[in-house]
Amino acid sequence: MPPSEVQFSIQRSHPLKTLTLKVGSNYLSSTVIYLNFCRFVFGLSLVSLSIVTFVTPLPAYAEDLVDEGRDELNQEVNTLSEKIDRFFSQERFVNEHTGTRFNVQWLAQAQDEEKPSYHLHYSFHLNLPKTSERLHLIVERPEDEAREWLTRRIETESKSPDESVGAADESLVGLRYLAHKSKRSAVRFKSGVKAKWLPEPFADARARHTFFFSGNELHLIQNVGWREFHGWNTDSNVNFNRTLTPTLLFSIANRGDYSSLSKRWSVEDSVSLSKTFTAKTAGSLSTGVGSSSYPHYGVTDYFVSTSLRSYVHRNWVIAELVPGVNWSRSQGFHPIKSVTLMFEFDLVE
């Protein structure tokens, strides 16, 4: 639809100042607003307002100018979103990077008056030669495990016993193939063996499509996985991003997954603000709710968390502090306060 041009003219009893704003419609609507300011001796003001509207044809070049402006808005939100994904090592960056990457995360968590607990997550993706950076040898622990630890939201009651047993001892060895990647879409396949006391073959596929509109960004992400002893599972994500300022990103996320083994579904909805303070420091504030069908349908927890993440040595040694509060169904929805400290060693080619 061709754009139009709305023209506002403001007059303060002498020079005429004009402000031009482009919007989308079939014709050029120009509105002239005259504001005549007359000052009285004691500081009183009278304002007279008159509005004149008229219609004129649209210049042929205006559509191209608006298209360029729309592209600039989309590029701005995409650039900040990618920067936040990279800085916080989020799902899109982890699944779509093309070079060799070696990552180790050490986490320590203190929760109320309990003794501190510790966790080590590692990931090694080796770019194989002569594959155009599409095929990688991978050795890692499950990605979801590190995500749950960092957000401090491990809900034991939302997992069936079959899904929980042995999960902490798993390591994944296999191949990852990035079939396609662009700003608007990506397709990734992964297969191999989950090495534990009894090796378990696995395979999964991931697809993403991104829509850009009016400076907003909408990601649709679908994962489908199979494990020999656990059957099929699906994981769907809908993420909306909007750039509020050049350094502030607003996000709404919905994540749902289903397991054929336990016949269980779980859903998580969250809202977050992420901000880059400097080139080496960023923070986020998140709140949300989780729900599950195991052992019965209902809300499993509410949570609020903040995160402060900073490079401590160049761009490959990172420290992150994550304080939060969780209201869990398994604890009678009483507030559980926690603080997580993470040190990350991240080398990316």
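Residues numbered from 1 in each chain as written. Predicted model: local features only at pLDDT ≥ 70, side-chain atom pairs only at ≥ 80, totals over all residues. Heavy atoms only, no water.

### Considering the nonpolar core
Of all hydrophobic cores here, the largest spans 8 residues; its members are Leu-80, Ile-84, Phe-87, Phe-88, Leu-249, Ala-282, Tyr-311 and Ile-318. Considering every element that reaches this core, the biggest residue donor is helix α1 (residues 62-87), with 3 residues. (Core = buried A, V, L, I, M, F, W, Y, C linked by side-chain atoms within 4.5 Å. Buried < 20%, exposed > 50% of the residue type's maximum accessible area, 1.4 Å probe, protein only. Helix = DSSP H or I, 4+ residues; strand = E, 2+ residues; numbered from the N terminus.)

### What about the pattern of salt bridges?
Counted according to the given criterion, the structure contains 12 salt bridges. Here Lys-190 makes a salt bridge to Glu-140, at a shortest N to O gap of 3.4 Å. Of this pair, Lys-190 sits in strand β9 (residues 185-195) while Glu-140 sits in strand β7 (residues 135-140); the two residues are 50 residues apart in sequence, bridging distant segments of the chain. A residue is classified by how much of its surface remains accessible, and Glu-140, at 2% relative accessible area, is buried. Put simply, Arg-101, Arg-309, Glu-320, Glu-344 and Asp-346 are held in one network by salt bridges that share partners. (Salt bridge = Lys/Arg side-chain N within 4 Å of Asp/Glu carboxyl O.)

### Let's talk about the pairing of strand β14 (residues 264-276)
Side chains on a regular strand alternate between the two faces of the sheet. Because side chains alternate across β14, one face comprises the buried residues Arg-264, Ser-266, Glu-268, Ser-270, Ser-272, Ser-274 and Thr-276, and the other comprises Trp-265, Val-267, Asp-269, Val-271, Leu-273 and Lys-275, none of which is buried. Where strand β13 (residues 248-259) meets β14, 12 bridges bridge the pair, whose relative direction is antiparallel. Each bridged residue has a counterpart across the sheet, and for Ile-252 the counterpart in β14 is Val-271. Counting the residues in the hairpin turn of β13 and β14 gives 4 residues, including Lys-263, whose phi is positive at 55°. Relative to strand β15 (residues 281-292), β14 is paired through 11 bridges, and the arrangement is antiparallel. When the sheet's bridge partners are listed, Leu-273 is paired in β15 with Leu-285. What sits between β14 and β15 in their antiparallel hairpin is a turn of 4 residues. (Pairing = 2+ DSSP bridges.)

### Structural notes on the packing of aromatic side chains
Counting across every chain of the model gives 8 aromatic pairs. A ring pair is formed by Phe-213 and Phe-240, whose centres lie 6.4 Å apart and whose planes are at 35°; its orientation type is tilted. Placement of Phe-213 in strand β10 (residues 200-213) and of Phe-240 in strand β12 (residues 231-245) is noted, with a sequence separation of 27 residues between them. Note on Tyr-302 and Phe-333: the rings are 5.9 Å apart at their centroids and 50° apart in plane angle, and the pair reads as tilted. (Phe/Tyr/Trp six-rings, centres within 6.5 Å; stacked < 30°, edge-to-face > 60°.)

### Considerations on the confidence of the model for the protein chain
Caution is warranted with low-pLDDT regions, since their predicted coordinates should not be read in detail. Here the protein chain averages 75 in pLDDT, and 70% of its residues register 70 or above. Mean pLDDT across the elements of the protein chain ranges from a minimum in strand β4 (residues 45-56), with 35, to a maximum in β7, with 94. Within the model, the stretch residues 60-74 combines pLDDT values under 50 with 11 contacts to residues more than four positions away or in other chains. Low pLDDT, under 50, characterises residues 152-168; the stretch is placed with 41 contacts to residues that sit more than four places away or in other chains. (pLDDT = per-residue confidence, 0-100. Contact = heavy atoms within 4.5 Å.)

### Comments concerning unusual backbone geometry
Phi angles above zero are rare outside glycine, and Glu-133 is one such case at about 60°. Its place among the elements puts Glu-133 in the loop between β6 (117-127) and β7. In this structure Glu-133 comes out as partly exposed when scored by relative accessible area, which is 36%.

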